[in-house]
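# Inside the fold
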Amino acid sequence: MKELVREKVEKALKEIYGIEKKEFKVEKPKEENLGDLATNVAFLLARELKKPPVKIAEELSEELRKDKTFKNVEAVKGFINFRFSFDFLKEEFKKLLSMGEEYFRENLGNKMRVQVEYVSANPTGPLHLGHGRGAVVGDTLSRLLKFFNYEVTREYYINDAGRQVYLLGVSILYRYLEDCKERDEKLFKEIKEIFEKDGYRGEYIKEIADRVRSLIGEELCKERDLNKLRELILSKEKEINYLRRYEPKDVAELLALYGLDLMLKEIKEDLSLIGIEFDVWFSERSLYDEGLVEELINLLKEKGYVYEKDGALWLKTSEFGDDKDRVIRRSDGTYTYFASDIAYHYNKFKRGFEKVINVWGADHHGYIPRVKAAIKMLGIKEDWLELLLVQMVKLFRGGKEVKMSKRAGTFVTLRELLEEVGPDAVRFIFLTKRSDTPLDFDVDRAKEKSSENPVYYVQYAHARIAGILREFKERYNREITKEELLNYVDYLSEEAEEKLIKKLLFFKDELIDIVQRREPHLLTYYLIDLAGDFHHYYNHHRILGMEEKVMLSRLALAIGVKEVIRLGLGLMGVSAPERM
């Protein structure tokens, strides 16, 4: 609808002033009573035409009023406000009914290759609610981009190298040795010291330790033949990729590799419960195994951006907008996470992605300037990389915050929430606020079957229309097709019907705004509003049992609402039930 107004204004500009092209905004006015859409074009032409904006707006409005697309066109303080005619809206609605979801598609992407990286949680524990929220944001954005003809790759970056993986192995070893009747006390003391300072304490660590014991008995308590232990585990476990691929240097690494396999499997299972899949699972270790980190550092050295100080290698990120320079290789020869992160982004660039969107936890906010600085160093355009931040989720039950999970030890897991309220409620409610603002998730509300539960409210509108269609078939013993209903759209005449049609037609503009602004939460706002408008309409206007032309025109309207709700929920990965 915005594009249509833009075309009409451009045509008027050419006819009145001979102006071929002009950038201007077409937006919804702040107040609904001012019109359906408005433009600021008169203000942008004032200097060029040497006329006040009020005069230009009046001249353009007079020309635009000749177009039957509009009920009225009004010049207000230099702005031009448009209100569509009901006849035009009904003709457009017929197109929507005829085309279905294709009516809303637009070739925005033109097959642009976009990578969306999201979740990327350390595989050292279960997914928490913040990870789940990031997963839903990333997945919904990916669905929207695909809908508008972007070629999307959904990617999970596995942080499977570095100290956190070592600490996973230490934590499992500690829990294992803790239950040994006879053990290596020297090793246990060393491990205990590390565990008590930095170890992972959740119940899931004990579960992994118990699983190891079930496979190899007390083999780890005193004598430790790494090859024997590795082969013993591999002979009894399937899909143990890390332990099969790498030979551990010590017992902690053996358990770390085994733990990585189990945790990644669990993460994939948790994500599948919420309907999320990835095209690529990219291993941080592979950057080191394939020499990509060293290659990246050599490239930056050649560019003159690396220097040595205190035995460490530093990157001159302060010259590119960061608040200080950053270490990429420590004095002990180990690499920092920043080094592998730069190598990973350079790898993305070399894979040919034209745009990269990272969905990160809000705690990464301070990390953004250094990554942006590294991108500039590599000669990559700054807008190639976009970053969306996701704030944490607080869980409430009975009006009180739920702070802990028995299994995770410090947080409620995504799986626990999914098991309690289901994936539809989780996905929908995670999108009811901007991703960069904190979200309170009320479990009791999410389980309610009432208008207080937003996902139920929207899904019920869809199911209610499905029920109307079933009742029509039973009562009148006939099927009705969208094609037949097109002939009855012109009989729609109520103000509430005009409002609903307008709402449906504006969905395309809403979707385009959502995908271009990278704000998938706006989809829930739209669907809640649409469901509310339909429920209100249904409560005040009979559909079945009316005069045939009225009944069938209202059925056509209801089907249009059903199609849009189904599409909107589908883009969010939420089901659109036929019965509730």
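Here we summarise the structure given alongside this text. (Residues numbered from 1 in each chain as written. Predicted model: local features only at pLDDT ≥ 70, side-chain atom pairs only at ≥ 80, totals over all residues. Heavy atoms only, no water.)

Attention now moves to the overall build of the chain. When helices and strands are counted, the chain shows 24 helices and 15 strands. Seen along its three principal axes, the alpha-carbon backbone of the chain occupies a region of about 90 × 65 × 40 Å. Put simply, 71% of the contacts in the chain that link residues at least 6 apart link residues at least 24 apart. Taken as a whole, the chain presents about 27,300 Å² of accessible surface, with 46% of it coming from carbon and sulfur. Placing the 101 positive and 106 negative side-chain charges of the chain at their respective mean positions leaves the two points 1 Å apart. (Helix = DSSP H or I, 4+ residues; strand = E, 2+ residues; numbered from the N terminus. Contact = heavy atoms within 4.5 Å. Areas by Shrake-Rupley, 256 points an atom, 1.4 Å probe, with all protein chains shown as cover. Lys, Arg positive; Asp, Glu negative; His and termini not counted. Charge placed at Lys NZ, Arg CZ, Asp CG, Glu CD.)

With that settled, consider unusual backbone geometry. Of note in this structure, N149 is not a glycine but carries a positive phi near 70°. In this structure, N149 sits in the loop between α5 (129–147) and β6 (151–158). The backbone of N477 shows a phi angle near 50°, a positive value even though the residue is not glycine. Within the fold, N477 resides in the loop between α19 (454–476) and α20 (482–485). Among the residues examined, N477 registers a relative accessible area of 71% and is labelled exposed. (Buried < 20%, exposed > 50% of the residue type's maximum accessible area, 1.4 Å probe, protein only.)

Between its first and last C-alpha atoms helix α1 (residues 2–17) spans 22 Å; for 16 residues at 1.5 Å apiece the expected length is 22 Å, and the two agree. Within the sequence span of α1, burial applies to K2, V5, V9, E10, A12, L13 and Y17. Summarising the axial view, the buried residues of α1 lie within an arc of 165°, below the 170-degree limit, and thus occupy one face. Just downstream of α1, G18 is the residue with a positive phi angle, here 70°. (Expected span 1.5 Å × (residues − 1). Arc of directions from axis to C-beta.)

Right, let's get into a nonpolar patch on the surface. Together, F43, L44 and F79 make up an exposed nonpolar region whose accessible area comes to about 250 Å². Relative to the helices and strands, L44 resides in helix α2 (residues 41–49). You can call L44 partly exposed: its relative accessible area is 35%. (Patch = residues over 30% accessible without salt bridge, like charges linked within 9 Å, V, L, I, M, F, W, Y side chains within 5 Å. Salt bridge = Lys/Arg side-chain N within 4 Å of Asp/Glu carboxyl O.)

Time to look at the state of the cysteines. Working definition: the covalent bond between the sulfur atoms of two cysteines is a disulfide. Under the criterion given, the structure shown has one disulfide. Linked covalently through their sulfurs, C180 and C221 form a disulfide whose S-S length is 2.1 Å. Disulfide C180 to C221: torsion about the S-S bond roughly -80°, handedness left-handed. Here the residue C180 occupies a position in the loop between α6 (163–178) and α7 (185–198), and C221 occupies one in the loop between α8 (203–216) and α9 (226–236), the gap between them amounting to 41 residues. For the residue pair C180 and C221, the accessibility class agrees, reading buried in each case. (Disulfide = S-S within 2.5 Å.)

Below, the discussion takes up the packing of aromatic side chains. Counted by the stated rule, this structure contains 30 aromatic pairs. For the ring pair Y288 and Y335, a centre distance of 5.6 Å and an interplane angle of 40° mean the geometry is tilted. With a gap of 47 residues between them, Y288 in helix α12 (residues 284–289) and Y335 in the loop between β10 (326–329) and α14 (337–350) connect regions that are remote in the sequence. On the basis of relative accessibility, which here comes to 28%, the residue Y288 falls in the partly exposed class. K28 extends its terminal NZ or CZ atom over the ring of F506, reaching a point 4.7 Å from the ring centre. The side chain of R245 reaches across the aromatic face of Y242, ending 5.5 Å from its centre. (Phe/Tyr/Trp six-rings, centres within 6.5 Å; stacked < 30°, edge-to-face > 60°. Lys NZ or Arg CZ within 6 Å of the ring centre and 35° of its normal.)

With that out of the way, let us pick up the nonpolar core. In this structure, F430 and F441 are the most contacted members of the largest nonpolar core, which totals 166 residues. Those residues in contact with F441, other than ones at most four positions away along the chain, are V393, K394, L395, F396, L417, V421, A425, V426, I429, F430 and A446. Of all hydrophobic cores here, the second largest spans 36 residues; its members include F282, A343, I368 and W384. (Core = buried A, V, L, I, M, F, W, Y, C linked by side-chain atoms within 4.5 Å.)

Turning our attention to the sheet that holds strand β15 (residues 439–442). Taken in spatial order, the three strands make up an open sheet running β14-β13-β15, and their pairing is mixed. In the strand order of this sheet, the two ends are held by β14 (400–402) and β15, each with one partner. Put simply, the sheet's adjacent strands are angled 40° from each other on average, direction ignored. The sheet contact formed by strand β13 (residues 393–397) and β15 spans four bridges and is parallel. Residue pairing in the sheet places V393 in a bridge with L439 of β15. (Pairing = 2+ DSSP bridges. Axes fitted to C-alpha atoms, helices over the stretch in contact; angles between N-to-C directions.)

Another point: α7. Here α7 is 14 residues long and its end C-alpha atoms lie 20 Å apart, about the 20 Å a rise of 1.5 Å per residue gives. Residues of α7 that are buried include every one of L187, F188, I191 and F195, and no others. Mapping the buried residues of α7 onto a view down its axis gives an arc of 90°, with all of them on the same face. In α7, the exposed residues that point more than 90 degrees away from the buried face are K186, K189, E193 and K197. Considering only its buried residues, α7 is in contact with α6 and α11 (251–273). Taking the backbone nitrogen of K186 as reference, a side-chain oxygen 3.2 Å away marks D184 as the first, capping residue of α7. (Polar contact = N/O pair within 3.5 Å; in protein donor to acceptor, adjacent residues only side chain to side chain.)

Per the counting criterion, the structure on display carries 57 salt bridges. Salt-bridge contacts for E91 lead to K94; the nearest nitrogen and oxygen are separated by 2.9 Å. On the criterion of helical spacing, the pair formed by E91 and K94 is a turn pair, its members being three residues apart in helix α4 (residues 86–99). Judged by its relative accessible area of 41%, E91 is partly exposed. Where D322 meets R326, a salt bridge forms, and the shortest distance between an N and an O atom there is 2.7 Å. Both residues of the pair, D322 and R326, belong to the buried class.

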